[in-house]
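The lines below spell out each chain.
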Amino acid sequence: MEWEMKSWRFFYRFLRVFFLVFAMNGSLTVQAFTGTYGINYGRIADNIPSPDEVVTLLRAAKIKNVRIYDADHSVLEAFSGTGLEIVVGVPNGNLKDMNASEDHAESWVKENVQSFLPDTHIRGIAVGNEVLGGDQELWGVLLGAVKNVHKALEKFHLTDLIQVSTAHSQAVFSNSYPPSSCIFNQNIVQYMKPLLEFFSEIHSPFCLNAYPFLDYMGDPANIDINYALFQSTQGIYDTKAKLHYDNMLDAQIDAAYAALENSGFKKMEVIVTETGWASRGDENEAAATSTNARTYNYNLRKRLAKKKGTPLRPKNVVKAYIFAVFNENLKPGPTSERNFGLFKADGSIAYDIGFKGLKSSATSSILSLKV
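In this text the structure is predicted, and so the values were computed from the model without any measurement. (Residues numbered from 1 in each chain as written. Predicted model: local features only at pLDDT ≥ 70, side-chain atom pairs only at ≥ 80, totals over all residues. Heavy atoms only, no water.)

A. Representation of the overall build of the protein chain within the structure. Tallying secondary structure elements over the protein chain gives 11 helices and 12 strands in all. Counting all 371 residues of the protein chain, 51% fall into the buried class. Restricting to contacts in the protein chain with at least 6 residues of sequence separation, those with at least 24 account for 68%. When the accessible surface of the protein chain is split by element, carbon and sulfur atoms take 50% of a total near 17,600 Å². (Helix = DSSP H or I, 4+ residues; strand = E, 2+ residues; numbered from the N terminus. Buried < 20%, exposed > 50% of the residue type's maximum accessible area, 1.4 Å probe, protein only. Contact = heavy atoms within 4.5 Å. Areas by Shrake-Rupley, 256 points an atom, 1.4 Å probe, with all protein chains shown as cover.)

Written as structure tokens, this is what we have:
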């Protein structure tokens, strides 16, 4: 018996060493998104519920993956001990400092990430949002900022817990129709290629903000709204890839996969970090209605619950963060920008896709899905 116990202890120690070596060699990689359905918690508003109430809302909805656009301490404190998994953001305004100074990045990570661990489950850091294709002054500093944030995580021994990423808009693409013809815009390739090389080294995904709503609004005469809303439709056929698409979101994701493959990054995963549909808009935003918003988000939730891939990457299960928790009354721009929330400012549902609001006493019976 004693010999058996010694043998078992030796075997157990061997397994631990093997696991650690396996992990350090990069065969095991951290994932910031562990489910298929997440949500963006934007807070450009002066009338939305407190972070503690938001925790109640999200836990009732069984939404585990949450993305914020900064590292607000009141939010991180409210999420402590809840089991919710959060991706924090380095705002675009911080990127120049992050690029210029490793010490600045280290201080930011220490103050906004390390100090909240392990009780607050911070699983990712998004360094900037929609930088390439946006403000050209930041194109040259994005990679340096990303690398310095990653160096800070290495110093604090957090790279096996926290993933580094950045989200891109569809402005980084060219020739995205049909999906298989998509490539990166030539004006950003010199910045995108080294960024992708680094993300490939650290096993980070390509994060895409994809909005069928915006594509449809840009060309309603030639796009079937049913195709954008996951409704029954003829869809499109990509003759080059010999693939059929019955919804626009899948086509947008596969366009990103095609651009990555054309750049030499065939194995990189695409994660949708924003998608949604506005429930209200200006006179020239006719598609922004509560009916269309409910249809899109209801059908999107069903699609994600199936845990399936896209026509081009059938084995890569689609993951998406919905935009957003609330309507945000202080956002600039057209009316649609302030009306992407699944919930109204008072915490009640904006429309019914199966969730209940803070003021609802009855659980919706429309949809019950594990996502």
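Next comes the rest of the write-up.
B. Layout of the environment of Pro205. For Pro205, the position within the fold is in the loop between helix H7 (189–201) and strand E8 (206–209). The sequence separation of Pro205 and Glu269 amounts to 64 residues, and the corresponding C-alpha distance is 4.9 Å. Residues in contact with Pro205, not counting those within four places in the same chain, are Gln163, Met268, Glu269 and Ile271.

C. Molecular detail of the sheet that holds strand E2 (residues 65–67). A barrel is described by the order of its strands in space; here 8 strands give the closed sequence E1-E2-E3-E4-E5-E8-E11-E12, paired in parallel fashion. With direction set aside, neighbouring strand axes in the sheet form an average angle of 25°. Relative to strand E4 (residues 121–129), strand E3 (residues 85–90) is paired through 6 bridges, and the arrangement is parallel. Residue pairing in the sheet places Val90 in a bridge with Val127 of E4. Contacts between helix H6 (residues 142–155) and the sheet are confined to E4 and strand E5 (163–168), with E4 contributing the most and set at about 160° to the helix. Contacting E5 and E8, H7 crosses the sheet at an angle of about 150° to E5. (Pairing = 2+ DSSP bridges. Axes fitted to C-alpha atoms, helices over the stretch in contact; angles between N-to-C directions.)

D. Structural detail: the side chain of Ser336. Structurally, Ser336 is set in the segment after strand E12 (320–323). Only 2.6 Å separates the side chain of Ser336 from the side chain of Glu285, close enough to count as a polar contact. In this structure, Ser336 is in contact with Phe213, Ala278, Arg280, Gly281 and Glu285, ignoring residues within four places of it in sequence. (Polar contact = N/O pair within 3.5 Å; in protein donor to acceptor, adjacent residues only side chain to side chain.)

E. Layout of the environment of Val146. Along the polypeptide, Val146 turns up in helix H6. Of the residues examined, Val146 reaches a relative accessible area of 0% and is grouped as buried. When the C-alpha atoms of Val146 and Gly128 are compared, they prove to be 8.8 Å apart, with 18 residues separating the residues in sequence. Ignoring any residue separated from it by four or fewer positions in sequence, one finds Val146 in contact with Val127, Val164, Leu195, Phe198 and Phe199.

F. Region of interest: the packing of H6 against H7. H7 packs onto H6 with a crossing angle of 15° between their chain directions and a minimal axis gap of 9 Å. Viewed along their axes, H6 and H7 adopt a mutual orientation that is roughly parallel. For the pair H6 and H7, the crossing hand works out as left-handed. Seen from H6, the contacting residues are Leu142, Leu143, Val146, Lys147 and His150; seen from H7, they are Pro194, Leu195, Phe198 and Phe199. (Parallel < 35°, antiparallel > 145°, perpendicular 65-115°, else oblique. Left-handed = near helix turned anticlockwise from the far one by under 90°.)

G. Region of the structure containing helix H2 (residues 51–61). Pro51, Val54, Val55, Leu57, Leu58 and Ala61 are the residues of H2 that are buried. End-on, the buried residues of H2 take up no more than an arc of 165°, which puts them together on one face. Just beyond H2, the residue with positive phi is Lys62, at close to 60°. (Arc of directions from axis to C-beta.)

H. Structural view of unusual backbone geometry. Residues Leu117 and Pro118 are joined by a peptide bond in cis, for which omega reads 0°. Note on placement: Pro118 falls in the loop between helix H5 (102–112) and E4. Backbone torsion omega between Tyr177 and Pro178 reads -5°, so that peptide bond is classified as cis. Here Pro178 shows up in the loop between strand E6 (173–174) and strand E7 (183–184). For Glu130, which is not glycine, the phi torsion reads 55° and is therefore positive. Locating Glu130 in the fold gives a position in the loop between E4 and H6. Even without being a glycine, Asn175 presents a positive backbone phi close to 55°. With respect to the helices and strands, Asn175 occurs in the loop between E6 and E7. On the basis of relative accessible area, Asn175 is assigned to the partly exposed category, the value being 47%.

I. How the structure looks around the packing of aromatic side chains. Under the criterion given, the structure shown has 16 aromatic pairs. Seen from their ring centres, Phe184 and Phe206 are 5.9 Å apart, and the 50° between their planes marks the pair as tilted. Taken as a pair, Phe184 in strand E7 and Phe206 in strand E8 lie far apart in primary sequence, 22 residues in all. Overall, Phe184 belongs to the buried group, its relative accessible area being 4%. What makes Phe206 buried here is its relative accessible area of 2%. Within the aromatic cluster, the residues linked to one another by ring pairs are Tyr211, Phe213, Phe230, Trp277, Tyr296, Phe323 and Phe340. It is Arg43 that lies over the ring of Tyr41; its NZ or CZ is 5.7 Å from the centre. Stacked on the ring of Tyr298, the Lys or Arg Arg294 has its end atom at 4.8 Å from the ring centre. (Phe/Tyr/Trp six-rings, centres within 6.5 Å; stacked < 30°, edge-to-face > 60°. Lys NZ or Arg CZ within 6 Å of the ring centre and 35° of its normal.)

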